[in-house]
Structures are given as structure tokens and as C-alpha cells.
Amino acid sequence: MKIVAIVGSPRPGGNTSYLVDQALQEAAAHGFETEKIILTRHRVNPCLGHEDCASFSACRQDDDAPWILDKFSSADAVILGSPVYYYNMTAQMKAFVDRNYFLYTHGISPRVLCAGLIVIGGGAGIEHTVRALRRFLKLSADIPDDRIVTLTGYADKPGEVKSNPSLIEEARKLGGRLTEILASAHSPKSV
Ligand SMILES: Cc1cc2nc3c(=O)[nH]c(=O)nc-3n(C[C@H](O)[C@H](O)[C@H](O)COP(=O)(O)O)c2cc1C
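No experiment lies behind these values; they were computed from the predicted model shown.

Undergrad: Break down the site of the ligand for me, with residues and values.
TA: Taken together, 20 residues sit near the ligand, with Ser 9, Gly 14, Thr 16, Pro 83 and Gly 121 positioned nearest. If you list the elements that add at least two residues to the shell around the ligand, you get helix 1 (15-29) and strand 4 (114-121). Here the shell around the ligand gets 3 residues from one element, more than from any other, and that element is helix 1.

Undergrad: Describe in detail the sheet that holds strand 1 (residues 2-7), supporting the description with residues and values.
TA: Across the sheet, 5 strands lie side by side as 2-1-3-4-5; this open sheet has parallel pairing. Every other strand in the sheet has two partners, leaving strand 2 (33-38) and strand 5 (148-154) as the edge strands with one partner each. Sheet twist, expressed as the mean angle between neighbouring strand axes with direction ignored, is 15 degrees. When strand 3 (residues 77-83) meets strand 4, the two strands line up parallel, connected through 7 bridges. Paired with Ile 79 across the bridge in strand 4 is Gly 116.

Undergrad: Requested: an account of helix 2 (residues 65-74), with residues and values cited.
TA: Within the sequence span of helix 2, burial applies to Ala 65, Leu 69 and Phe 72. Buried residues of helix 2 fall within an arc of 60 degrees about the axis and therefore sit on the same side. Pointing more than 90 degrees away from the buried face of helix 2 are the exposed residues Trp 67 and Ser 74. Where the residues of helix 2 are buried, they touch strand 1, strand 3, helix 3 (91-99) and helix 4 (101-105).

Undergrad: Summarise the pairing of strand 4; cite the residues concerned and give the values.
TA: Taking burial as the measure, the 8 residues of strand 4 include 8 buried ones, the bulk of the element. Residues Cys 114, Gly 116, Ile 118 and Ile 120 line one face of strand 4 and the alternating positions Ala 115, Leu 117, Val 119 and Gly 121 line the opposite face, and both faces are buried. Sheet topology places strand 4 next to strand 5; 7 bridges connect them, and they run parallel. Bridge pairing links Gly 116 to Val 149 in strand 5. This β-α-β element, strand 4 to helix 5 (residues 126-141) to strand 5, shows right-handed connectivity.

Cut-offs and rules
- Along each chain, residue indices are assigned from 1 in the same order as the chain's sequence is written.
- Owing to the predicted nature of the model, reporting of local features is limited to residues with pLDDT of at least 70; listing and counting of side-chain atom pairs is limited to 80 or more, with chain, interface and lining totals taken over all residues.
- Residue proximity rests on one test: whether the C-beta atom, placed from the backbone, lies within 6 Å of the molecule or strand.
- Numbering of helices and strands runs from the N terminus, with a helix taken as a DSSP run of H or I at least four residues long and a strand as a DSSP run of E at least two residues long.
- Between any two strands, pairing holds if DSSP finds at least two bridges.
- Helix axes use the C-alpha atoms of the stretch in contact, all axes being lines fitted to C-alpha atoms, and the angles between their N-to-C directions lie in the range 0 to 180 degrees.
- To sort residues by burial, count the other C-beta atoms lying within 10 Å of each one's C-beta; a count of 20 or more means buried, 12 or fewer means exposed, and anything in between means partly exposed. C-beta atoms are built from the backbone.
- Note that the arc is computed from the directions linking the helix axis to the C-beta atoms.
- Contact between residues is assigned whenever the C-beta positions, reconstructed from backbone atoms, fall within 7 Å.
- Looking down the strands as they point away from the viewer, one classifies a crossover as right-handed if the path from the first strand across the helix to the second runs clockwise.

Here it is in C-alpha cells:
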């Protein structure tokens, strides 16, 4: 089973990415396959909004969104990690979210069973960001709130979370919790 993490922070050595690593390492320690995609290392353009996706077998934009969407929609679990920018997700994450419209217009519902959210901010707007990402997970993959494991925390300078043992511990727990949900969903039901 595979857990794919999508990271929306543009900062190398940033807080969100570090915590995502902790969660993935925990999942890997439980024998799960993991992959981290840092959006800023790829080209994911904003949606063009022509509303004509359904007429095309592939998105008209020639960028990295299609393969990232494939990974997202075929994962068993996903982790979305975003810092708070102006009370919301980063532009990188929002572009990825909007490009999911292609899947929606083609009736493709990601098979993702559960998700983790890692949202880090310097002071305010964390709840707004979590709400927006939760709503996206519900709309795109029909993941209910009780299958979304959320970690939020405060940090500002790059790498600040490295000296926050409780956030690191929470991130590892998030990774472990996703593996538990997946394992129980795939275990044979008792009669
Ligand atoms: C353009 C910009 C907007 C930001 N807006 C907010 C905000 O609204 N609320 C907040 O708590 N932090 C805000 N921050 C601070 C970041 O969320 C914080 O530095 C975070 O640790 C960055 O995460 P990263 O290290 O994973 O990139 C903003 C930072 C930038 C660069």
C-alpha cells in the first residue's frame, strides 16, 4: 500500500516538508511504500478555467499536473502539507487543488481511503486552511472528516519545527495513524 505526500511549501528546508518527512518515515517503518512530491520542484500551472476539460482526453496544459494527479488518485492514502499563506494554502497547493477539476470532469474519483493534513503557520489562519483542504478532500475523493488525520502547529523560520519535539512526535503519530486506518480497511471483515 502506498502513501503519497504532496507538499505545497516553496521553501527548501521548510517546516511543512520536514514534518511530512517524519510522517512518511513512520509509515515506511510500518512497511508502507511512500513518495513525497514537492510541488515547487515541478510545474503545475493554475487552471485555465475554460470548463471544457471533458472534451479532451488530456489536459490542454503541458506541465507536470497530469502525472502528479495520477499519483494522487491512485494512492491508498495521501498527505497534503501546506504552510498558511494569507489565511489559506499556498499558491502551489491551490494550483494543484484546482487542477483536480480535470479528474472531476472525467468522473474520476481518486481511490484514496484516508488522508493526513499538515498545516503550519506563523500565527493565524490555520483553521481556515485546514477547512479548505478538508473540503477539497471531501469533494475530490469523498474522504470523510473521520478519515482525515490533521496536524497543525506554529512555526515561522525555516526548520524551526526541528526544535519542537511534540510537533515531530505528532507528525510521526499521523503517519502511524494512516497506516492503522489502511490496515484495518484492508483486513478481512469478521463475520
Ligand atoms: C507570503 C506569506 C504569507 C504568510 N501568511 C501567513 C498567514 O496568513 N498566517 C500565518 O500564520 N503565517 C503566515 N505566513 C508564515 C508561514 O506560514 C510560516 O513561515 C511557515 O512556517 C512556513 O512554512 P514552511 O517553512 O513549511 O514553508 C506567511 C508566510 C508568507 C511567506
